[in-house]
Amino acid sequence: MNDPEPPPFEPTPSPTPSAPPPPQFPAITATSQDEKTLAIVMHVLGLVGFPIIGPLVIWLMKKDISAYLDAQGRELMNFQVSVLIYAMVSALLCIILIGFPMLFVVGVGSLIFTIIGLVKASDGLIYRFPYILRFF
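Residues numbered from 1 in each chain as written. Predicted model: local features only at pLDDT ≥ 70, side-chain atom pairs only at ≥ 80, totals over all residues. Heavy atoms only, no water.

### Remarks on the pattern of salt bridges
Item 1. Enumeration according to the criterion identifies 3 salt bridges in this entry.
Item 2. Among the ionic pairs, R74 bridges to D70, the shortest N-O distance being 3.1 Å. Of this pair, R74 and D70 are both found in helix α3 (residues 67–92), 4 residues apart, which corresponds to roughly one turn of the helix.
Item 3. Judged by relative accessible area, R74 falls into the partly exposed class, the value being 30%.
Item 4. We note a salt bridge from R128 to E75, for which the minimum N-O separation is 3.5 Å. Of this pair, R128 sits in the segment after α4 (99–122) while E75 is found in helix α3, placing the two residues 53 residues apart along the sequence.
Item 5. A residue is classified by how much of its surface remains accessible, and R128, at 26% relative accessible area, is partly exposed. (Salt bridge = Lys/Arg side-chain N within 4 Å of Asp/Glu carboxyl O. Helix = DSSP H or I, 4+ residues; strand = E, 2+ residues; numbered from the N terminus. Buried < 20%, exposed > 50% of the residue type's maximum accessible area, 1.4 Å probe, protein only.)

Taken by themselves, the reported measurements are silent on function.
Here's what the structure looks like:
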């Protein structure tokens, strides 16, 4: 007889777009003392004068063997390459004198963040460096 009309179709409102959260590392921790030691060595090599070559060699040798060392090496390489880029830009800006304080900030920041990463590596954790460009 007289069937009631169905309600009109109303699409559900889509959520408002927002910036996606930053990627997080899975809960990867060192499973052996050897992994912790190699992670510490990667950070120390970044401090003593081999900032890209030293960690790169260890990372490339161990990335297929250990998920922890792969994540640690990837993060450390992103940090080292970013610091190199920041230092080069700061050196270019020394022409207009603003580069000198920027070089100081890059150097001190690199030292501080590397030490923090070293301490986290000794605990078997991965330190996610702030203010870096993610290449790898």
